[in-house]
Structures are given as C-alpha cells and as structure tokens.
Amino acid sequence: MDAIILAAGLGTRLRPHTLTTPKPLLPVRGRPILDWTLAALPASVERGTAVVYYPAEQIDAHLATRRDVHERTALRQQEPRGTGDGVRGCRG
C-alpha cells in the first residue's frame, strides 16, 4: 500500500515558528508532526511519498532517518499549488 503525505504548505498561521522550520518538523510533545503522521500509518504501508515545498531539504533529511516505511521519497513542488496538484504529482 502507498501513502501520500501532503507537507507542502508554508505554515503561515504558525509564524514565526515556521520561518526556519517547516511545519511538518515542528515538535508536538517532543516529536515532529511528521513523525506522528508516519507512526499513525498502518503497517501495510510499504511506500510513503511526502509532497514538500518549503524548505524541502530539511524534510528530505528527516525522512532519510525514518524507518517506519520501507520506501520513502519526497516529491518537491516548484511552487505550492494546492492539495489536488500534490496528489496529481504522485501519479506513477
């Protein structure tokens, strides 16, 4: 099974926290939001794709440390274009 994690938002409502850290990496109870999301995925998920925009490098680096999902990739958007575009970009 595949999972798509939409993580390309700018997090404008969480400023100033998101000026240097992307929203998916902000800590909640000591863990990044992205970790909570990955931990909630069913065990049957073999491949996870995170749609990212700002700053993609930090999310890429964090995903590389995770072992929850067998195959992890980050799909970078050149500009944020909404949920539909993020899902459409994951078509293989």
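Residues numbered from 1 in each chain as written. Predicted model: local features only at pLDDT ≥ 70, side-chain atom pairs only at ≥ 80, totals over all residues. Heavy atoms only, no water.

> Explain the environment of Thr21 to me, please; I cannot follow it from the model alone.
You can see Thr21 is positioned in the loop between strand E1 (2-7) and strand E2 (27-28). Sequence spacing of Thr21 and Ile59 is 38 residues, and the spatial spacing of their C-alpha atoms is 9.3 Å. Apart from residues no more than four positions distant in its own chain, Thr21 is found in contact with Leu26 and Gln58. (Helix = DSSP H or I, 4+ residues; strand = E, 2+ residues; numbered from the N terminus. Contact = heavy atoms within 4.5 Å.)

> Would you mind going over the layout of surface pockets with me for this structure?
Think of a ball as big as a water molecule: rolled over the atoms, this probe shows where empty space is left. What the largest pocket holds in volume is close to 170 Å³. Taken together, Leu6, Ala7, Ala8, Gly9, Leu10, Gly11, Thr12, Arg13, Leu14, Lys23 and Pro24 make up the lining of the largest pocket. Looking at the lining of the largest pocket residue by residue, the classes come out as six nonpolar, three polar and two charged. (1 Å grid on protein atoms, 1.4 Å probe; cavity = no way out; pocket = protein on both sides within 12 Å on 5 of 7 lines; lining within 4 Å. Points joined across faces, edges and corners; volume = space filled by probe spheres on them. Nonpolar A, V, L, I, M, F, W, Y, C, P; charged D, E, K, R; others polar.)

> Is there a simple way to think about the packing of aromatic side chains in this case?
The final tally for this structure, using the stated rule, is zero aromatic pairs. Positioned over the ring face of Trp36 is Arg31, at 4.1 Å from the centre of the ring. (Phe/Tyr/Trp six-rings, centres within 6.5 Å; stacked < 30°, edge-to-face > 60°. Lys NZ or Arg CZ within 6 Å of the ring centre and 35° of its normal.)

> Could you clarify how one ought to interpret the side chain of Thr18 in this entry?
Take Thr18: it is sitting in the loop between E1 and E2. According to the relative accessible area criterion, Thr18 is buried, its value standing at 0%. Setting aside its immediate chain neighbours within four residues, Thr18 contacts Leu10, Gly11, Lys23, Leu26 and Tyr54. (Buried < 20%, exposed > 50% of the residue type's maximum accessible area, 1.4 Å probe, protein only.)

> For this particular structure, what's the right way to read the confidence of the model for the protein chain?
A low pLDDT score tells you not to read the predicted coordinates there in detail. Residue-level pLDDT values for the protein chain average 81, and 95% of them are 70 or greater. For the protein chain, per-element mean pLDDT is lowest for helix H3 (residues 83-88), which scores 71, and highest for E2, which scores 94. (pLDDT = per-residue confidence, 0-100.)

> What should I look at first to understand the side chain of Asp35 in this one?
Mapped onto the fold, Asp35 is located in helix H1 (residues 33-40). Asp35 sits in the buried class, given a relative accessible area of 7%. Residue contacts for Asp35: discarding those within four places in its chain leaves His62 and Arg66.

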